[in-house]
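So you can see what is in the structure, the chains are spelled out below.
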Amino acid sequence: MKKLSALIVLIALISSFTFKELSWVAIGDSITYLNDHQKETGDRVIRGYMTMVTEKLPNIKYINQGHNGWTSGGIANGIEKLGLTKADVYSIFLGTNDWWQGRPLGQLTDYKNNTGNNTVYGSFRIIVDKLKSLNPEAPIILITPMQRVDFVYIANHKNNAYGSYKPNKSGQTLESFAYAIDSIGKFEKFPVVDLYHTKGLEMEHLVKFKRLKDPQTGKYVNYTFPDFINIPFNPETDEYPYPVESIAKTYDGLHPSDAGYELIAKPLIKIMKKY
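In this report, we go over the structure that sits alongside the text. Chains are numbered independently. Their residues run from 1 in the order of the written sequence. Restriction of local features to residues with pLDDT of at least 70 applies here, the model being predicted, together with a cutoff of 80 or more for giving and counting side-chain atom pairs; totals for whole chains, interfaces and linings are based on all residues. Each side-chain value is worked out from all heavy atoms of the structure, with water and hydrogens disregarded.

The way it works is that DSSP assigns letters per residue, a run of H or I at least four long becomes a helix, a run of E at least two long becomes a strand, and they are numbered from the N terminus. In terms of regular secondary structure, the chain is built from nine helices and nine strands. Overall, the C-alpha framework of the chain stretches about 85 × 50 × 30 Å when taken along its three principal axes. For every residue, the accessible area obtained with a 1.4 Å probe (protein chains only) is divided by the maximum for its type, and the residue is called buried under 20%, exposed over 50%, and partly exposed between those limits. Across the 275 residues that make up the chain, the buried fraction comes to 52%. Any two residues whose heavy atoms approach within 4.5 Å are treated as being in contact. At a minimum sequence separation of 6, the contacts of the chain that also span at least 24 residues come to 71%.

As for its placement among the helices and strands, Asn97 is situated in helix α5 (residues 96-101). Taking relative accessible area as the criterion, Asn97 reaches 13% and is therefore assigned buried. For Asn97, the residues in contact, after removing those within four places along its chain, are Asp29, Gly69, Trp70 and Thr71.

Quick look at the packing of helix α3 (residues 49-56) against helix α9 (residues 258-272) now. How two helices sit against one another is set out by the angle between their axes and by the gap between those axes. Only C-alpha atoms enter the line fits that serve as axes; for helices the fit covers just the stretch in contact. Angles between N-to-C directions range over 0 to 180 degrees. Running from N to C, α3 and α9 point in directions that differ by 45 degrees, and their axes come no closer than 8 Å. The pairing of α3 with α9 is recorded here as oblique in orientation. Relative to α9, α3 is oriented so that their crossing is right-handed. Contact residues: Tyr49, Met52, Val53 and Lys56 in α3; Asp258, Tyr261, Glu262, Ile264, Ala265, Leu268, Ile269 and Met272 in α9. In this classification, the charged set is Asp, Glu, Lys and Arg, the nonpolar set is Ala, Val, Leu, Ile, Met, Phe, Trp, Tyr, Cys and Pro, and all remaining amino acids, among them Gly, are polar. When grouped by side-chain class, the residues that make up the contact of α3 with α9 number nine nonpolar, no polar and three charged. Here roughly perpendicular refers to angles of 65 to 115 degrees, roughly parallel to angles under 35, roughly antiparallel to angles over 145, and oblique to all remaining angles. Rotating anticlockwise by less than a right angle from the far helix to the near helix defines a left-handed crossing, while the corresponding clockwise rotation defines a right-handed one.

Turning our attention to the sheet that holds strand β7 (residues 192-193). Judged by pairing direction, the sheet is parallel, and its five strands sit side by side in the order β2-β1-β3-β4-β7 without closing on themselves. Where the open sheet ends on each side, the last strands, each with one partner, are β2 (60-66) and β7. Those strands touched by α3 are β1 (22-28), β2 and β3 (89-93), and its axis lies near 160 degrees from that of β1. Here helix α7 (residues 120-134) sits on the sheet in contact with β1, β3 and β4 (140-143), set at roughly 170 degrees to β3. By the convention used here, strands pair only if DSSP detects at least 2 bridges between them.

Planes of paired rings set the category: under 30 degrees apart is stacked, over 60 is edge-to-face and the rest tilted, where pairs are Phe, Tyr or Trp rings (Trp by its six-membered ring) whose centres lie within 6.5 Å. Going through the model one piece at a time under the given rule, you end up with 11 aromatic pairs. Aromatic pair Tyr165 and Phe225: ring centres 6.2 Å apart, planes at 45 degrees, arrangement tilted. Placement of Tyr165 in the loop between β6 (156-161) and α8 (174-188) and of Phe225 in the loop between β9 (220-223) and α9 is noted, with a sequence separation of 60 residues between them. An aromatic cluster of three or more residues is present, and its members are Trp24, Tyr49, Tyr62, Phe93 and Tyr261. In this scheme, the term charge over a ring applies when either NZ of a lysine or CZ of an arginine sits within 6 Å of the ring centre and within 35 degrees of the ring normal. Seen from the ring of Tyr111, Arg125 lies directly overhead, with NZ or CZ sitting 5.7 Å from the centre.

A pairing counts as a salt bridge when a side-chain nitrogen of Lys or Arg comes within 4 Å of a carboxyl oxygen of Asp or Glu. Scanning the model with the defined rule gives 12 salt bridges in all. Salt-bridge contacts for Glu239 lead to Arg211; the nearest nitrogen and oxygen are separated by 3.9 Å. Taken as a pair, Glu239 in the loop between β9 and α9 and Arg211 in strand β8 (residues 210-213) lie far apart in primary sequence, 28 residues in all. The partly exposed category is assigned to Glu239, whose relative accessible area is 34%. A salt bridge links Arg211 to Glu245; the nearest nitrogen and oxygen atoms lie 3.3 Å apart. Here Glu245 lies in the loop between β9 and α9 and Arg211 lies in strand β8, a separation of 34 residues in the sequence. Taken together, the salt bridges that share partners define one network made up of Arg211, Glu239 and Glu245.

What follows deals with the packing of α7 against α8. The geometry of α7 relative to α8 is characterised by a closest axis approach of 11 Å and an angle of 40 degrees between their N-to-C directions. Relative to α8, the element α7 lies oblique. Note that α7 runs across α8; the crossing there is right-handed. When α7 is examined against α8, the residues Val120, Tyr121, Phe124, Val128 and Lys132 are found in contact with a partner set consisting of Phe177, Ala180, Ile181, Ser183, Ile184 and Glu188. Of the residues in the contact of α7 with α8, the class split is eight nonpolar, one polar and two charged.

Quick look at the pairing of β9 now. Pairing analysis gives four bridges linking β8 to β9, with the strands arranged antiparallel. The residue bridging Leu212 from the neighbouring strand is Val221, located in β9. In this structure, the hairpin formed by β8 and β9 is closed by a connection of six residues, where Gly218 is found at a positive phi of approximately 80 degrees.

Here Arg103 shows up in the loop between α5 and α6 (108-112). On the basis of relative accessible area, Arg103 is assigned to the buried category, the value being 12%. As a C-alpha pair, Arg103 and Asn118 span 15 residues in sequence and 8.2 Å in three-dimensional space. Excluding its chain neighbours within four sequence positions, the residues that come into contact with Arg103 are Thr71, Ser72, Gly73, Asp98, Asn117, Asn118, Thr119, Val120, Ser123, Gln172 and Phe177. From its side chain, Arg103 meets the backbone oxygen of Asn117 in a polar contact 3.2 Å long. Under the rule applied, a polar contact is a pair of N or O atoms within 3.5 Å (in protein, one hydrogen donor and one hydrogen acceptor; residues adjacent in sequence only if both atoms are side-chain atoms).

Next up, the structure:
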């Protein structure tokens, strides 16, 4: 009888530690979007960062609000049309497209004073205000852009861009966008995942090489970073410069591989365990 009573108490204790289900809305660009659209990566990605987080924390269910090519300005502009819902946790992972498109970064005062959608700081204020209106108690996690090398879209070689080793057309560094997002996090006391300065996501670790034609001989050579920076790529005639064997933390110079996504998921798991 005593053993039966002890067993009942044990079962009750175990049941009391069952985690409630949490909903997570992940807002982002293509890096978030591709978590559930692996075919668009040429099946080079199997598991994105949201999948990895929820595998470790199965009580969390995510909603993918990633949008290909979108900036924080695009998200802010369409904030009422995205179908954002009340959730227990939100994350915002934007900035790399803002940088590439040369959007004005602005200043923290643009965020504080809610000056509108003309700067990245202002765009983030619009997004954050919307999330707070949906659930003022929900934690909001900010994720900075990660470093990038030369990007070439696997499905359209004409869609390509240089890496963050040099400023954008407006003279802004990608690192300055990471610092801006971090400053918003400090002001709001939001947790920030700083991918730009994450060990293992430095530019030299993003691809093993870029396969390009030697300008002197015309023969293909596997150039490592930074040697490939000034070697020309012709999207009309050259083969895709990132074959499968070049994949490291990204599969195309910009978008994470499974190994890259793992480095994104790891700090998110640590933060979300608290919730």
